[in-house]
Amino acid sequence: MQDRVNELRRLLHEHNHRYHVLDDPIISDAEYDTLMTELRELEAEHPELVTTDSPTQRVGATPTTAFAKVRHKEPMLSLANAFDVGELRAWYGRVRKLLGAEGSVPISFVVEPKIDGLAMAITYRAGQFQGAATRGDGMTGEDVTANIRTVGSIPLALRLVDDRPVPRVIEVRGEVYMRTADFEHLNEMQAATGGKLFANPRNAAAGSLRQLDSRITAGRPLRFFSYAVGLIEGVILRSQWDTLQYLRALGFAVNPDIRRLDDFEAVIDYCAAWMSRRSELPYEVDGVVIKVDRFDQQAELGVVAHDPRWAIAFKFPAREATTTLRAITLNVGRTGRINPNAELDPVVIGGVTVAHATLHNEEYIVGRDIRIDDRVTVKRAGDVIPKVVGPLIAARTGTEQPWHMPSTCPSCAEPIQRDPDEADYYCVNARCPAQLVRRVEHWVSKAALDIVGIGEEQARLFVEKGLITDVADLYLLTPEHFTEQAGYGTKKVANILNGIAAAKDRPLERLLTGLGIRSVGSSVAELLVQHYYVIEALMMATDSDLNAIMGIGPHTATTIIEFFGHEPNRALIHKLQRVGVRTANAAPVVVPTAGALAGKTFVLTGSLPTLTREQATELISQQGGTVTGTVSKKTDYLVVGDSPGGSKYTKAQQLGIPQLDEAALRQLVGT
Ligand code: IVH
């Protein structure tokens, strides 16, 4: 009996480690659950066999009422910051000087991504998980033992390291964090259940750890990277690099992107590389931590105030800032969608001044209780449009005003409508000038008819002067239309008119893209022309014809039918034909039907280890398979990479769609 219990615990610890730390499980979740159930049953029959490190003991049943204070045995230090390479070099200069290394003493550095989470100290005695405390003010933290116990990547029992004794006591330090995709998924679920929304992954991790009921924490996707050892008895560690290897051997997750570098120029390169590649990481980082590797050198350098002189944080530009939201304005998209935008007191985020940010839709604003004159958090990540994350409720003065969607279009003043299944409002007036400007911009864009010489300024001019009432009118423009127009000389006008004339003969898929039918982008347009190479045929297609096309979902089929069923749209197609725009392709594009994946539909999610999205798509289509963007009953396989998108993944699981990783995909293809 005791033997079986021990064996089950050993297996469960092992599989837990493979799953949470190595990301390399070798049994299914169901098999894991079976082992767990067996252990639970044995422990229920023999309560005297239950131990605190048993895998069944991750979640305690009784919520606490408050977090006890814990005094750290050794203070948890903070880090001085360097905001540019100059400050980094200055730090290196001081380190060299203090170590008397201007001559020949070599200094190695360990560089680690600086995860934006919460520092944690976790104590083990005789190899057993003992307790965990937050950093707090560095001297005193809070006891979050019950909650930390639920984090799968934190071992309950240390693994043995062959040539070293188990430390009598070891305090492992590191960062509790949440991956970006997990955070977004959590917020979606919170929104669906009316729960609290978190501003960023760091707040979500903090909020999850501050739960008095550890069963709630257990349901949160928390992870842990270890990066330091506080108190340790019975084992001697000599360097940061040694420590990281040791922590990994004990069963902790250690960041895979850590490096030991002997040359300070390489340290600078490392910082620069991750600064530009930070969005490739599945979690948020706010910088790079640089540590002098050798502990004897660290000791020589010492600590000033709370910052060790042997380490520094190279900080990346901020991605968030707070400012005041002054107004909410509306802009009308080409599909008529009404997009609310925030007008902000200008604020510099990561070197760029931000004065406008997206607010998505009414539900987003009302759900987050964002009000006019609120202090708000604004986020700007990479090239993504800045967005308002949420209000700072504590900063309210009482004068802030809630906002609601008006009932009419800001451009044409016609009533706006909301599809009950969607969060967005639409202006459905076909003659709405704002929509026409956007439609022209889209029509002339590179992915569509690619007309050179026309941009937003010209689109606005044509619409506001009444020179055009639809995109077909572009082809009827003559030099006379421009005679009274300042800034439009003969040469410029000739350029515009030539550009328009030259684009009459683009392939049908470009025209279909240009029409701006909802859910019909370039790839769907290409799929359509493989089946319908003259537009009349597509206009006559039925719902079931379109649904039969691999890669076209029921929603897209319906929007296409509705589009061509709408008389003004049919009239537009005929008008385009009259003005000489090509609406047919010369010959049908051959659809590959042979190949290992013929007739199979794939959806990709997450980033694959070696293939880019384009390469994976090409691999699949070369073998006759189709790649689509959304999971449906017609999907044959979901190809899953790192940090998969929550909704595709969940949907595929609900529908029982088989999942492949890159290796399995390659096997299927036979490469
Ligand atoms: S070392 C003296 N290493 O950054 C050493 N900290 O600004 C102090 N952090 O409180 C910590 N990743 O929450 C260290 N690889 C890393 C880190 C890291 C994130 C956080 C940690 C710490 C804060 C200091």
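On a predicted model such as this, the values are computed, not experimentally measured, just so you know.

(A) Looking closely at the overall build of the chain. A count of helical and extended segments in the chain gives 23 helices and 24 strands. Dimensions of the chain, computed from the C-alpha atoms along their principal axes, are close to 90 × 60 × 55 Å. Considering only contacts within the chain whose residues lie at least 6 apart along the sequence, 68% involve residues at least 24 apart. Roughly 32700 Å² of accessible area belongs to the chain as shown, and the carbon and sulfur atoms make up 52% of that amount. Each charge class in the chain was averaged separately, 73 positive and 83 negative side chains, and the resulting centres sit 3 Å apart.

(B) Region of the structure containing the environment of leucine 77. Here leucine 77 is to be found in the loop between strand S1 (69–71) and strand S2 (81–82). Linking leucine 77 and asparagine 6, residues 71 residues apart in sequence, is a C-alpha distance of 39 Å. The contact partners of leucine 77, leaving out residues within four places of it in the chain, are Arg135, Val303, His306 and Pro308.

(C) Structural detail: the environment of arginine 570. Assignment of secondary structure puts arginine 570 in helix H20 (residues 567–578). Note on arginine 570: relative accessible area 26%, which makes it partly exposed. Discounting chain neighbours no more than four positions away, the residues touching arginine 570 are Met539 and Phe564.

(D) Expanded view of the site of the ligand. Within the structure, the ligand sits among 14 residues, and Glu112, Lys114, Glu175, Tyr227 and Lys291 are positioned closest to it. For the ligand, whose free accessible area comes to 520 Å², the fraction covered by protein is 86%. At the level of elements, strand S3 (109–115) and strand S10 (285–292) are the ones that each hand at least two residues to the shell around the ligand. Looking at which element gives the most residues to the shell around the ligand, the answer is S3, with four residues.

(E) Examining the pattern of salt bridges more closely. As enumerated under the stated definition, the model contains 34 salt bridges in all. With a closest N to O distance of 3.3 Å, aspartate 373 and arginine 326 form a salt bridge. Of this pair, aspartate 373 sits in the loop between helix H11 (362–367) and strand S17 (375–379) while arginine 326 sits in strand S14 (residues 320–332), and the two are 47 residues apart along the sequence. Accessibility expressed as a relative area gives 32% for aspartate 373, which makes it partly exposed. Among the ionic contacts, a cluster of salt bridges with common partners joins Asp369, Arg371, Asp374 and Arg396.

(F) Structural view of the packing of aromatic side chains. The tally for this structure, following the rule as stated, stands at 16 aromatic pairs. Ring geometry for tyrosine 92 versus phenylalanine 109: centroids 5.8 Å apart, planes at 65°, classification edge-to-face. Taken as a pair, tyrosine 92 in helix H3 (residues 85–98) and phenylalanine 109 in strand S3 lie far apart in primary sequence, 17 residues in all. The exposure class assigned to phenylalanine 109 is buried, which follows from its relative accessible area of 0%. Seen in terms of ring centroids, tyrosine 124 and phenylalanine 129 are 5.9 Å apart; in terms of plane orientation they differ by 80°. Their pairing is edge-to-face. A residue is classified by how much of its surface remains accessible, and phenylalanine 129, at 6% relative accessible area, is buried. Through a chain of ring-to-ring contacts, three or more aromatic side chains come together here, namely Trp91, Tyr92, Phe109 and Phe264. Between the NZ or CZ atom of lysine 492 and the centre of the ring of tyrosine 488, over which it lies, the distance is 4.4 Å. One cation-aromatic arrangement involves arginine 518 over tyrosine 426; the distance from NZ or CZ to the ring centre is 4.1 Å.

(G) Region of interest: the nonpolar core. Trp443 and Leu474 are the most contacted members of the largest nonpolar core, which has 55 residues in total. The set of elements that each furnish at least two residues to this core consists of helix H12 (433–444), helix H13 (456–464), helix H14 (490–502), helix H15 (508–515), helix H16 (522–531), helix H17 (535–540), helix H19 (554–565) and H20. The contact partners of leucine 474, leaving out residues within four places of it in the chain, are Val440, Trp443, Val444, Ile454, Phe462, Ile468 and Ile500.

(H) Up close: the sheet that holds strand S5 (residues 128–134). Across the sheet, which stays open at both edges, the four strands sit in the order S5-S4-S7-S8 with antiparallel pairing between neighbours. Only two strands of the sheet have a single partner each, and these edge strands are S5 and strand S8 (222–233). Across the sheet, the mean angle from the axis of one strand to that of its neighbour is 25°, orientation sign disregarded. Sheet analysis places strand S4 (residues 118–125) next to S5, joined by six bridges and oriented antiparallel. The residue bridging isoleucine 122 from the neighbouring strand is alanine 132, located in S5. This element, helix H6 (residues 201–209), spans S4, strand S7 (169–178) and S8 of the sheet and lies at about 125° to S7. Against the sheet, helix H8 (residues 240–250) touches S7 and S8, its axis set at about 115° to S8.

(I) Inspection of the sheet that holds strand S9 (residues 259–261) at higher detail. The strand order across the open sheet built from five strands is S2-S13-S10-S3-S9, with neighbouring strands paired in mixed fashion. Only two strands of the sheet have a single neighbouring strand rather than two, namely S2 and S9. Looking at chain direction, S3 and S9 are connected through three bridges and run antiparallel. In the strand pairing of S9, phenylalanine 109 is matched with leucine 261. On the sheet, H3 packs against S2, S3, S10 and strand S13 (311–315) and is oriented at approximately 170° with respect to S13. The strands that helix H9 (residues 264–277) touches are S3, S9, S10 and S13; relative to S3, the one it contacts most, it runs at about 15°.

(J) Spotlight on the pairing of S3. In terms of burial, S3 is a largely internal element, seven of the seven residues being buried. Here S3 pairs with S10 via seven bridges, running antiparallel. Following the sheet pairing, phenylalanine 109 is matched in S10 by valine 292.

(K) Geometry of unusual backbone geometry. Look at alanine 305: it is not a glycine, yet its phi comes out positive at around 50°. Phi at aspartate 450 is positive, roughly 50°, even though this residue is not glycine. You can see aspartate 450 is positioned in the loop between H12 and H13. Its relative accessible area of 22% is what places aspartate 450 among the partly exposed residues.

(L) Up close: H8. Every buried residue of H8 is listed here: Gln240, Thr243, Leu244, Tyr246, Leu247 and Leu250. Across the axial projection of H8, the buried residues extend over an arc of 165°, all falling on one side. Taken together, the buried residues of H8 touch S3, S7, S8, S10 and helix H10 (295–301). Looking one or two residues past H8, glycine 251 carries a phi angle of roughly 110°, positive in sign.

(M) Representation of the side chain of threonine 635 within the structure. The topology assignment puts threonine 635 in the loop between strand S22 (626–628) and strand S23 (637–640). When its relative accessible area of 6% is taken as the criterion, threonine 635 is described as buried. When neighbours within four sequence positions are excluded, threonine 635 is seen to be in contact with Thr601, Phe602, Val603, Thr630 and Ile657.

Thresholds applied
Residues numbered from 1 in each chain as written. Predicted model: local features only at pLDDT ≥ 70, side-chain atom pairs only at ≥ 80, totals over all residues. Heavy atoms only, no water. Helix = DSSP H or I, 4+ residues; strand = E, 2+ residues; numbered from the N terminus. Contact = heavy atoms within 4.5 Å. Areas by Shrake-Rupley, 256 points an atom, 1.4 Å probe, with all protein chains shown as cover. Lys, Arg positive; Asp, Glu negative; His and termini not counted. Charge placed at Lys NZ, Arg CZ, Asp CG, Glu CD. Buried < 20%, exposed > 50% of the residue type's maximum accessible area, 1.4 Å probe, protein only. Near = heavy atom within 4 Å. Salt bridge = Lys/Arg side-chain N within 4 Å of Asp/Glu carboxyl O. Phe/Tyr/Trp six-rings, centres within 6.5 Å; stacked < 30°, edge-to-face > 60°. Lys NZ or Arg CZ within 6 Å of the ring centre and 35° of its normal. Core = buried A, V, L, I, M, F, W, Y, C linked by side-chain atoms within 4.5 Å. Pairing = 2+ DSSP bridges. Axes fitted to C-alpha atoms, helices over the stretch in contact; angles between N-to-C directions. Arc of directions from axis to C-beta.

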